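Observations on chain architecture
One-letter residues, chain by chain:
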Amino acid sequence: LLIYINRLGEDGMLDDIFIIDERDEERQATIIAKSGQVVPAQQENSLTIRLHEGSIHSISSTMNAAQTATFNSYDLLLTMAEEATGRLGEKRVRDMYLPELYEYMDKTPPGSIDYNRAEIELHSRFSMPAGCLVLALMALLLGVNARGGRSLGIIASLAVFLFYYLLLTLGRTLGAIMIIPPALSMWLPNLILAFAGLLLFRRELQEKQYQWLSGLSNLSGRLKNLLSRRF
């Protein structure tokens, strides 16, 4: 559960609220509200955030169903015990230590969605640290290859990071429903970026620049000229 609040007013009102709710593994919800406030909850060890004038955007874990709803008032209940232990008193897969994860996989039928999610979580514990190294290599190569200055290198690096994040999200979904093997779904983004990094490295050795980087450089220069003329 991720909660972002832009501003806390002196009267205790919360302004411009953005929430990502992944507590239900079958459905992810994104909630956007203009304002809200914390109100006393009737249940013990719980907290209620009353949201005003917003919308809820939800999508299923298999990416085959989506819903959007608007509201004038919506109560979001946060249960502390649920956040700590999960809905059924058990740890969620993402909260398990490695031995617990192995034990959970031994008790779960192979090929089921729960097993696939556990296998995805297991491989992500190793693939994501490796992905940091791959992203750092890509950022270095893009910075060297970008002739348009530091700003162009930053823009290109952010684009690569966004592409990597989209590949990870897509891989989790495809791996959970066995369109591709769960293990491969977590390592495929690293393999793709590593291959792209090798191409960039080879290009740099040949002292050549990619045309799309030249296009970004020209666009960056035009924007700078336009802003300098305007201001």
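All values derive from a computational prediction rather than experimental measurement. (Residues numbered from 1 in each chain as written. Predicted model: local features only at pLDDT ≥ 70, side-chain atom pairs only at ≥ 80, totals over all residues. Heavy atoms only, no water.)

Description of the overall build of the chain
- Helix and strand content of the chain: six helices and five strands.
- Listing each helix as α and each strand as β along the chain from the N terminus yields β-β-β-β-β-α-α-α-α-α-α.
- Per-residue burial over the chain gives 33% buried out of 231 residues.
- The contacts of the chain with a sequence gap of at least 6 include a subset with a gap of at least 24, amounting to 54%.
- For the chain, the exposed surface amounts to about 14,900 Å²; the carbon and sulfur share of it is 60%. (Helix = DSSP H or I, 4+ residues; strand = E, 2+ residues; numbered from the N terminus. Buried < 20%, exposed > 50% of the residue type's maximum accessible area, 1.4 Å probe, protein only. Contact = heavy atoms within 4.5 Å. Areas by Shrake-Rupley, 256 points an atom, 1.4 Å probe, with all protein chains shown as cover.)

Notes on the confidence of the model for the chain
- For the chain, the mean per-residue pLDDT works out to 78, and 74% of the residues sit at or above 70.
- Looking across the chain, the model is least confident in helix α1 (residues 80–85), with a mean pLDDT of 50, and most confident in helix α2 (residues 98–107), with 90.
- This stretch, residues 82–89, has a pLDDT under 50; its non-local contacts, to residues over four places away or in other chains, come to eleven contacts. (pLDDT = per-residue confidence, 0-100.)

Let's talk about the sheet that holds strand β3 (residues 27–39)
- Spatial strand order, β1-β2-β3-β4-β5: five strands in an open sheet with antiparallel pairing. Each edge of the open sheet carries a strand with a single partner, namely β1 (2–8) and β5 (66–79). Looking at each pair of strands side by side, their axes are set apart by 25° on average, direction ignored.
- Of the pairings in the sheet, the one linking strand β4 (residues 46–60) to β5 comprises 13 bridges and is antiparallel in character. The residue of β5 that forms the bridge with isoleucine 59 is alanine 66. (Pairing = 2+ DSSP bridges. Axes fitted to C-alpha atoms, helices over the stretch in contact; angles between N-to-C directions.)

A few points about unusual backbone geometry
- Residue aspartate 16 is not a glycine yet carries a positive backbone phi of 55°.
- Along the polypeptide, aspartate 16 turns up in strand β2 (residues 14–21).
- Located in the positive-phi region is glutamate 53, a residue other than glycine, with phi close to 50°.
- Within the fold, glutamate 53 resides in strand β4.
- Relative accessible area serves as the criterion here: at 49%, glutamate 53 is assigned to the partly exposed category.

Overview of the pattern of salt bridges
- What the rule picks out here adds up to four salt bridges.
- In this structure, aspartate 75 engages arginine 50 in a salt bridge whose closest nitrogen and oxygen atoms are separated by 2.8 Å. Of the two residues, aspartate 75 is situated in strand β5 and arginine 50 in strand β4; the sequence distance between them amounts to 25 residues.
- For arginine 50, a relative accessible area of 31% translates into the label partly exposed.
- We note a salt bridge from glutamate 103 to lysine 107, for which the minimum N-O separation is 3.2 Å. (Salt bridge = Lys/Arg side-chain N within 4 Å of Asp/Glu carboxyl O.)

So, the pairing of β3
- With seven bridges connecting them, β2 and β3 associate as antiparallel partners. Bridging from a neighbouring strand, leucine 14 pairs with glycine 36 of β3.
- If you look at the hairpin formed by β2 and β3, you'll find five residues sitting between the two strands.
- Inspection of the sheet shows β3 paired to β4 by twelve bridges, in the antiparallel sense.

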